[in-house]
Structure formats: C-alpha cells, structure tokens
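Residues per chain are reported as follows:
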Amino acid sequence: MYRTHTCGELTINNKDQIVTLAGWVQTVRKFGAITFVDLRDRYGITQLLFGENLNKQLDEQPLGREFVLQATGVVNERSNKNKNILTGEIEINVTEFKILNKSAVPPFTIQNNTDGGDDLRMKYRYLDLRRNIIKQNLQLRYAVNRSARNYLHEQGFMDIETPFLIKSTPEGARDFVVPSRMNAGEFYALPQSPQTFKQLLMVSGYDRYYQIVKCFRDEDLRADRQPEFTQIDCEMAFVEQEDILQMFEGLIKRIFKDVKGIDYSESVERMSWEDAMWNYGNDKPDIRFEMKISNLKVQNQNYFEPFAETEFGVFKNAETIVAICVPNAAEYSRKQTDELIEWVKRPQIGMAGLAFVKLNNDGTIKSSFDKFFNEGQLKELASFCNAKTNDLILILAGREERTRKAMSELRLEMAKRLGLRKDDEYKLLWVLDFPLFEYDEEFNRWVARHHPFTSPKPQDIETMINNNPVIEVAEKYLDHPYSKIKANAYDIVLNGNEIGGGSVRIYQRELQEKMFAALGMSKEEAQHKFGFLLGAFEYGAPPHGGIAFGFDRLCAILGGSESIRDFIAFPKNNSGRDVMLDAPSTIDEKQLEELNINITKRN
Ligand code: ASP
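Just so you know, these numbers come straight off a predicted model, no measurement behind them.

Section: the overall build of the chain
Next, step 1: The helix and strand tally for the chain stands at 16 helices and 23 strands.
Next, step 2: Each principal axis of the C-alpha atoms in the chain carries an extent, and together these give about 90 × 75 × 55 Å.
Next, step 3: Residues classed as buried in the chain amount to 50% of the 603 residues present.
Next, step 4: Summarising the internal contacts of the chain: among those between residues at least 6 apart in sequence, 67% fall at separations of at least 24.
Next, step 5: Counting every atom, the chain has about 30800 Å² of accessible surface; 47% of that belongs to carbon and sulfur.
Next, step 6: Of note, the chain has its 78 positive side-chain charges centred 4 Å away from the centre of its 89 negative side-chain charges.

Right, dumping it as structure tokens:
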C-alpha cells in the first residue's frame, strides 16, 4: 500500500496515529539538524518533519522540488500552526521515507503565483496542472458537469453520443477536415456542433437528448476562443419556446445552487433583441447595472430635436448619436476626460472622439461643445437622457453600427471603473426574437443568423415564402422584407456573456427547403448537403427545439475568470497550437501516400 491517507485530510483528530503519505515535494526547508518538507497531492499539503535520526539518509538521498516521496510517521501537533489550511495544525514526524521517483528541476514554481510565463506553462502543462489554482478550476468544471448531468437526468434527458467523423454542419465557422484513407480524395468534417444529429434523434423519438460534447470550429482565435471547445448540447421534442426557456433556466439555476450555493429564485429577465440593441448597443447586455443608452439620433433620424439644427459639425454630419449617463462622475478632471477620449480612439473602439456634459453639484452644466449649445439646450439634453445631478453624460457620434458598438464597450468600461461589474453578482437574461437572417455584404447573400435549421416566427413565414431573396443593390438590404423576419431563437446571457443559445427548429421539409433557398442554395446543393435531414423530415418529424451552452465559458464565469483556457485541462494557445504536443505538425510521407494526399507548399 502506497499511502494510508492523502495530503489533505489529517487533522488534530488523527494525533498519534501512524500514517503513510505519498505525494510531491513542494518545498524543503532545513533548520540545523531538522528538515521540514511540504508534501503535496491533489487533496492538499501536509508538513513533514525529518528529525536528526534521518539526517544521514537525507544527506545520501537529498530531496528536491517535485520529487515523488513516500513517508511514514506519527501525526503530531504542530507548534507553529497554519489556520488557513485543514492540515495546518499537525505535522508528520517521519520515521521512514522512500523516494519513489526523482524530478528534474521544474522550469517554473508550482505555486499559485508562479514565475512561469504563459508559453512555458503551456509547454509543461502537466506541471501547470499541479498548481492549486488550476486544480480548483478543473474541480469547478467537474462540479458544473455533475450538476448539469444530474439535473438533465432527473428531467428525463438521455445522454446519447453522436459521431465526430461527419459531414459539414453549418454553425458559421470553417470545418476542420479529416482525410479518409479508405475513400481516396474524400474527407470527413469534424462537427461544429451535433446540431443535425440531435434533430435526427428527435425524429427517432428520443424526445429529451443531451450531451456534454466537443465541438470543432476553425475560426481565427480570440483570447477567449478555442478551436475545440465543449458544449452542453440539448434538444427536446413536443415543445414550444416557452417550455425550452423554463427547462434551461432551471438548469442554470441548478448549477448556481450546486456549484456556488446561490439561490437564484427570481425568474430570469427577458428582453427582445431589438430592445437590447437599442438600449445597450449589444445583443448580450450586462444588466447588473443600468446606464442605458439614450438614442439622440439614429440612422439620420433625429430623436433629440435640437441636434437637428446644430452647427456643430460632429453632430450635424453623424448618422447616429448616442449617450450614456455615468453616475457620480461629473467631477471627472480634464485629465480623466482626456483619458476617456484616448480610450474611445483606440483602434479596437475606433471612434474619432467623445463629447461630454457635466451636471455639476452646484447646479451648473458644462459641456465639451459649449460653443454650440447654450445652457438651456444642455439642460434639455440632460433631461432627454434622464441625467441626474453629478452625472457625466458621454456622447458618441458616427456611423450607426460602429457607434452603437463603441457605446456598448464604453458602457462596460465605465461600469468597470465604477466597480459596478461585481464578480460575485450573477444576473441572467434571455435575449429573444433575434432576426432570422443577416446580410453578408461580401458574398451578397443572406446568411442564417443562428443556423439554417432555426424556424421563423409563425407570423413571418409568409414573408419568407413570398419574397425573392435576391437583392439588386447590396446597400439596400435593410429595405428588403427579409431583414424584418424574426426567428424563434434565444440566447441566455450571464453578466454580459452569451453562455448559451438555441432555437425552435423547422421540422417540415418544404419550409426547410425554402430556408435553404433563401440562403442562396440551389435544390441540388441542398439535397447534396442536407438530403439526409430533408429525407428524415418526411417520416414524421415532431416539433422540436433546443439549446447549447458554452461549457468552458460558463465554467470560466463561475470561476471568476476571463479566460476559458484556465478551465480546460489541455488547451491550445492563441494560434491554435498545442505547444506541449507541438501540434499541428507535418506527417510522414508514407501516411500522406496512404491518404492519397500531395502537399503543395504555398508561400
Ligand atoms: N447548435 C447550436 C450552436 O452550436 C445550438 C442550438 O441551436 O442548439 O450554437
């Protein structure tokens, strides 16, 4: 037997017991004739005391960091207690020890505050995973996983595996492809999600399906994206949107309870996509705080009349002008407002400037465009924006899309500066009624905003069927009836992050064919790509719908982190590489030959 206990469980209640522990040497501290060693395993750290009697053996077999050590001894009360850890009141007075394996000097310290940089830690991820902080993240991930499984199982969902070697599923990214040796010149695609399979399972009668499953999307990576990531993927038959919303807000509430001990008893707020864009400039607003956007001018339509006659060029020529009121910020100094101006000019935000109005405590009102507006007009503006004394009104002007997006970023930034985005506060939101289509100006065609299996709102089906999708002048796409069609689609948002999204699906062949046609697919192409699904819809497909949650993201938010990578055991870096494995990499000539592949190097 290698051990009687773990390094995380012995307390004063075990005093005088003879125990054997096994683990990794965290630190070795020599004090004259005695040596203290902190021994670590997955469960914790226990202090070992090596007395004089073991000096000689220690000299012959010196211990180093990360050596694997087995030690037997007596549990003693410690004189110098550490109240912060469970084992902090005891130590093991070692009588016998054995080095089970040596370790090279690790390239960074295995501590929460490690001296290792990102790249180094990724290269030696197996060492990084020994750090407590990462271990806690993986434990949290497992807790979320268990909680979700328990809930879904109790609700009658069945975990059914679906294949990884498939044909393309369109979720809006590129596919990863796998060449087939047995079918020369042909390729499988890795699933961007199990979307079509879960729908087929509904046709097969498995009316409540789930899977915690890997999805693969070949996209340009941002800090919080991974080419392979995990979803809690779910589908239900004989349901309407309302049933799905209820079921899955239940899931998240259960996870809150099991993992964080939070009772989220209020019902989840709901907002239409249009309201989200109008009031927050964003389809995933953080509603832990207000600071709604005031729309002064939108797409050249003036909502705040005085701006219609202004001589101030910035406002006069802008397509859209929006504002927010930042509470208690009227005292911002010149330096602070200058700094905000620089902030909005950063390339990521991309605005030309920022105008502001200060509602000072003494009742006066000052703006950065005083030359063009008298006090009365400024007061009118303040009242239009519902500003209060001591508010700082921030105003952005420019092209509609960019300005709205910039304002949504500025809103979040100001909330962060004011401490309104609290890590320990959780606020869920359903965003509903998304547009069914988006216009792709590059390819001059409509694309599905969610995916092509999402159903239009019943009242919009006629519009979809009766209108030709083709647009002569690309810029005029907003005038096309398709831009008004709404989908039975929903996202669930947590603290400004989209943590899940789904839709009620199309389940009739004709409507699905119409949808493919609307997306510019010929009948032949639709048959070639999705013949299996269209075929299945002819054999009694039930009404159905579902959702998928971004499991890694959900874990990161619950763990209070920005990065999903910290919650994945073996993640890829920002260029999609696994630096530990050194993948992707070239393969042997022989393998290429078997696969019938010739590599043509492109420069
Ligand atoms: N398959 C969708 C996605 O990955 C989710 C869903 O519609 O259920 O976003």
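Let's pick the thread back up.
A look at a nonpolar patch on the surface
Next, step 1: A cluster of nonpolar residues, Trp-278, Tyr-303 and Phe-384, forms a patch on the protein surface that exposes about 260 Å² of accessible area.
Next, step 2: Relative to the helices and strands, Tyr-303 resides in the loop between strand 13 (301-302) and helix 8 (313-316).
Next, step 3: For Tyr-303, a relative accessible area of 35% gives the class partly exposed.

Topic: the environment of Arg-78
Next, step 1: Tracing the backbone shows Arg-78 in the loop between strand 4 (68-77) and strand 5 (90-101).
Next, step 2: Discounting residues that sit within four places of it in the chain, Arg-78 has contacts with Gln-47, Thr-87, Gly-88, Glu-89, Ile-90 and Glu-91.
Next, step 3: Separated by 3.1 Å, the side chain of Arg-78 and the backbone oxygen of Asn-80 make a polar contact.
Next, step 4: Here the side chain of Arg-78 touches Ile-90 through a polar contact of 3.4 Å, landing on its backbone oxygen.

Section: the packing of aromatic side chains
Next, step 1: This structure, assessed with the given rule, holds 30 aromatic pairs.
Next, step 2: On the basis of an interplanar angle of 80 degrees and a centroid distance of 5.3 Å, the ring pair of Phe-50 and Phe-97 is categorised as edge-to-face. Of this pair, Phe-50 sits in strand 3 (residues 44-50) while Phe-97 sits in strand 5, and the two are 47 residues apart along the sequence.
Next, step 3: Note on Phe-256 and Tyr-264: the rings are 5.6 Å apart at their centroids and 40 degrees apart in plane angle, and the pair reads as tilted.

Some points on the layout of surface pockets
Next, step 1: Reported here for the second largest pocket is a volume of approximately 530 Å³.
Next, step 2: Among the secondary structure elements, those contributing two or more residues to the lining of the second largest pocket are strand 1 (18-31), strand 2 (34-41), strand 3 and helix 4 (132-154).
Next, step 3: Classifying every residue of the lining of the second largest pocket by side-chain character gives six nonpolar, twelve polar and eight charged.

A look at the nonpolar core
Next, step 1: Core analysis: the biggest nonpolar cluster contains 42 residues, and Leu-152, Phe-248, Ile-252, Leu-428 and Trp-430 have the highest contact counts within it.
Next, step 2: The dominant element in this core, judged by the number of residues it contributes, is helix 6 (residues 241-260), at eight residues.
Next, step 3: Leaving out residues up to four positions away in the same chain, Leu-152 has contacts with Phe-157, Tyr-210, Ile-232, Cys-234, Phe-248 and Leu-251.
Next, step 4: Among the nonpolar cores identified, the runner-up in size contains 27 residues, and Ile-287, Ile-471, Ala-474 and Ala-487 belong to it.

Some remarks on the sheet that holds strand 23 (residues 544-550)
Next, step 1: Ordered by their spatial adjacency, eight strands build an open sheet running 6-9-10-23-22-21-18-11, and the pairing between neighbours is mixed. Either end of the sheet is taken by a strand with one partner, and the two such strands are strand 6 (158-159) and strand 11 (269-272).
Next, step 2: Note that strand 11 and strand 18 (residues 428-432) share four bridges and pair parallel. Within strand 18, the position partnered with Ser-272 by the bridge is Leu-432.
Next, step 3: Here helix 5 (residues 195-203) sits on the sheet in contact with strand 9 (208-216), strand 10 (228-237) and strand 23, set at roughly 20 degrees to strand 10.

Quick look at the site of the ligand
Next, step 1: Within the structure, the ligand sits among 14 residues, and Glu-171, Gln-195, Lys-198, His-450 and Arg-505 are positioned closest to it.
Next, step 2: Interatomic distance of 2.9 Å between a side-chain N/O atom of His-450 and an oxygen atom of the ligand.
Next, step 3: In the environment of the ligand, an oxygen atom lies 3.5 Å from a nitrogen or oxygen atom belonging to the backbone of Ile-547.
Next, step 4: Protein chains shield 92% of the accessible area of the ligand, which is 270 Å² for the free molecule.
Next, step 5: Per-element accounting of the shell around the ligand gives the leading share, three residues, to strand 23.
Next, step 6: Considered class by class, the residues forming the shell around the ligand number two nonpolar, eight polar and four charged.

Some words on the sheet that holds strand 14 (residues 320-326)
Next, step 1: Read from one edge to the other, the open sheet built from six strands follows the order 13-12-14-17-15-16, with strand pairing classed as antiparallel. Looking along the sheet, the strands with just one partner apiece sit at the ends: strand 13 and strand 16 (365-367).
Next, step 2: Where helix 10 (residues 375-384) meets the sheet, its contacts fall on strand 12 (294-298), strand 15 (355-359), strand 16 and strand 17 (392-398), and the angle it forms with strand 16 comes to roughly 90 degrees.
Next, step 3: On top of the sheet, helix 11 (residues 400-417) reaches strand 12, strand 14 and strand 17; it is set at about 10 degrees to strand 14, its chief contact.

Considering the pairing of strand 20 (residues 445-448)
Next, step 1: Across four bridges, strand 19 (residues 437-440) lies against strand 20 in antiparallel orientation. Across the sheet, the residue bridging to Asp-440 is Arg-445, located in strand 20.
Next, step 2: Where strand 19 folds back onto strand 20 in an antiparallel hairpin, the turn is made up of four residues, including Asn-444, whose phi is positive at roughly 55 degrees.

Here's the deal with a positive patch on the surface
Next, step 1: Taken together, Arg-222, Lys-284, Arg-402 and Lys-405 make up a surface patch of like positive charges.
Next, step 2: Within the secondary structure, Arg-402 is located in helix 11.

A word on the side chain of Lys-135
Next, step 1: By the secondary structure assignment, Lys-135 is in helix 4.
Next, step 2: One buried charged residue, Lys-135, forms no salt bridge at all, with the nearest opposite charge on Asp-41 at 6.4 Å.
Next, step 3: Excluding residues that lie within four positions of it along the chain, Lys-135 makes contacts with Asp-41, Arg-42 and Leu-129.

A short note on the pattern of salt bridges
Next, step 1: One pass over the structure, following the stated rule, counts 43 salt bridges.
Next, step 2: The residue Arg-3 makes a salt bridge to Asp-41 at a minimum N-O spacing of 3.7 Å. Of the two residues, Arg-3 is situated in the segment before strand 1 and Asp-41 in strand 2; the sequence distance between them amounts to 38 residues.
Next, step 3: With a closest N to O distance of 3.1 Å, Glu-525 and Lys-529 form a salt bridge. Placement of both Glu-525 and Lys-529 in helix 14 (residues 523-536) is noted, with a separation of four residues, approximately one turn of the helix.
Next, step 4: Relative accessible area serves as the criterion here: at 32%, Glu-525 is assigned to the partly exposed category.

Thresholds, definitions, all that
Residues numbered from 1 in each chain as written. Predicted model: local features only at pLDDT ≥ 70, side-chain atom pairs only at ≥ 80, totals over all residues. Heavy atoms only, no water. Helix = DSSP H or I, 4+ residues; strand = E, 2+ residues; numbered from the N terminus. Buried < 20%, exposed > 50% of the residue type's maximum accessible area, 1.4 Å probe, protein only. Contact = heavy atoms within 4.5 Å. Areas by Shrake-Rupley, 256 points an atom, 1.4 Å probe, with all protein chains shown as cover. Lys, Arg positive; Asp, Glu negative; His and termini not counted. Charge placed at Lys NZ, Arg CZ, Asp CG, Glu CD. Patch = residues over 30% accessible without salt bridge, like charges linked within 9 Å, V, L, I, M, F, W, Y side chains within 5 Å. Salt bridge = Lys/Arg side-chain N within 4 Å of Asp/Glu carboxyl O. Polar contact = N/O pair within 3.5 Å; in protein donor to acceptor, adjacent residues only side chain to side chain. Phe/Tyr/Trp six-rings, centres within 6.5 Å; stacked < 30°, edge-to-face > 60°. 1 Å grid on protein atoms, 1.4 Å probe; cavity = no way out; pocket = protein on both sides within 12 Å on 5 of 7 lines; lining within 4 Å. Points joined across faces, edges and corners; volume = space filled by probe spheres on them. Nonpolar A, V, L, I, M, F, W, Y, C, P; charged D, E, K, R; others polar. Core = buried A, V, L, I, M, F, W, Y, C linked by side-chain atoms within 4.5 Å. Pairing = 2+ DSSP bridges. Axes fitted to C-alpha atoms, helices over the stretch in contact; angles between N-to-C directions. Near = heavy atom within 4 Å.

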